[in-house]
Amino acid sequence: MRLTPFPFSIAYADTDAGGIVYHGRYLEIAERARMSWLRGVTRAGDDIGFVIRELNIKYIRPLCLGDEFTVDGAIIKIGPVSMDMEQKFVKDGVVYAILTLTAVYIDKNMRPKRIPDQILNIINK
C-alpha cells in the first residue's frame, strides 16, 4: 500500500555547517511523514498505537539547504501486531535515502497487541 507523498523543504536548521542535511534530521522528517499519514489511521482509546521497533537508513546522496523533495512511503508487510514500512526521500525522481522500519502496535502497558480490525480496514483500503 502506497502512502500519500509528504512534501518537505530543507531549511538552514536542518543542515550542518556545510549546508548538508544532518543525518539525524532524516529520522525526524520521516517521523513527520508517518505521523501525517497515521493521523487518519490511529484511534483514541486505551492503546498507545504504533511505535518503532527496528529502523534502518541507507543514505544514497546528500540533500542540501533549499532542496525540495517528497517522502514517498509504502507499507511492505502487515502482520498481526506489526507492519513493515519503507520511506524514500525523492527529489526530481531521484532517491536520496531509503528508510525501512518495523512498527509494532502496543497497548497502554507497553505490550504488543493485535492491530485492531478497524485500523487494518483503513490500512488495507
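Participant: Sorry, what's going on with the overall build of the chain here?
Facilitator: Helix and strand counts for the chain stand at two helices and five strands. For the chain, the N- to C-terminal ordering of α and β elements is β-α-β-β-β-β-α. With the C-alpha coordinates of the chain rotated into their principal frame, the extents come out at 45 × 30 × 20 Å. Taken over 125 residues, the chain has a buried fraction of 42%.

Participant: In this structure, what is going on with helix H1 (residues 23-38)? I would like to understand it.
Facilitator: Think of an α-helix as turning once every 3.6 residues; residues three or four places apart then point the same way. With 16 residues, H1 ought to run about 22 Å at 1.5 Å a step, and its terminal C-alpha atoms sit 24 Å apart, in line with that. For H1, the full list of buried residues reads Gly 24, Arg 25, Tyr 26, Ile 29, Ala 30, Ala 33, Arg 34, Trp 37 and Leu 38. Tucked inside the fold, the buried residues of H1 contact strand S1 (6-9), strand S2 (47-59), strand S3 (68-78), strand S4 (82-91), strand S5 (94-107) and helix H2 (117-123).

Participant: Looking at this structure, I do not really get the pairing of S3. What am I missing?
Facilitator: Moving residue by residue along a regular strand, the side chains alternate between the two faces of the sheet. Direction of pairing for S1 relative to S3: antiparallel, over a ladder of four bridges. Note that in S3 the partner of Ser 9 across the bridge is Glu 68. The sheet contact formed by S3 and S4 spans eight bridges and is antiparallel. When the sheet's bridge partners are listed, Thr 70 is paired in S4 with Val 90. Taking the residues that link successive antiparallel strands as the turn, the S3-S4 hairpin has three residues.

Participant: Help me understand the sheet that holds S1, please; the structure alone is not making it clear to me.
Facilitator: Each strand in a sheet pairs with its neighbour through backbone hydrogen bonds, running either in the same direction (parallel) or in the opposite one (antiparallel). Taken in spatial order, the five strands of this open sheet run S1-S3-S4-S5-S2, and their pairing is antiparallel. Edge positions in the open sheet fall to S1 and S2, since each of these has one partner strand only. Across the sheet, the mean angle separating the axes of adjacent strands is 25° when strand polarity is ignored. Judged from the eleven bridges that link them, S2 and S5 form a sheet pairing that is antiparallel. Note on S5: the bridge partner recorded for Tyr 59 is Ala 97. Sitting on the sheet, H1 is in contact with S1, S2, S3, S4 and S5, with an inclination near 115° to S4.

Participant: I keep staring at a nonpolar patch on the surface and nothing clicks. Help me out?
Facilitator: A cluster of nonpolar side chains, contributed by Leu 27, Ile 52 and Leu 55, occupies part of the molecular surface with about 220 Å² of accessible area. By secondary structure assignment, the location of Ile 52 is in strand S2. Residue class for Ile 52 comes out partly exposed when judged on its relative accessible area of 38%.

Quick notes on the rules
- Residues numbered from 1 in each chain as written.
- Predicted model: local features only at pLDDT ≥ 70, side-chain atom pairs only at ≥ 80, totals over all residues.
- Heavy atoms only, no water.
- Helix = DSSP H or I, 4+ residues; strand = E, 2+ residues; numbered from the N terminus.
- Buried < 20%, exposed > 50% of the residue type's maximum accessible area, 1.4 Å probe, protein only.
- Expected span 1.5 Å × (residues − 1).
- Contact = heavy atoms within 4.5 Å.
- Pairing = 2+ DSSP bridges.
- Axes fitted to C-alpha atoms, helices over the stretch in contact; angles between N-to-C directions.
- Patch = residues over 30% accessible without salt bridge, like charges linked within 9 Å, V, L, I, M, F, W, Y side chains within 5 Å.
- Areas by Shrake-Rupley, 256 points an atom, 1.4 Å probe, with all protein chains shown as cover.
- Salt bridge = Lys/Arg side-chain N within 4 Å of Asp/Glu carboxyl O.

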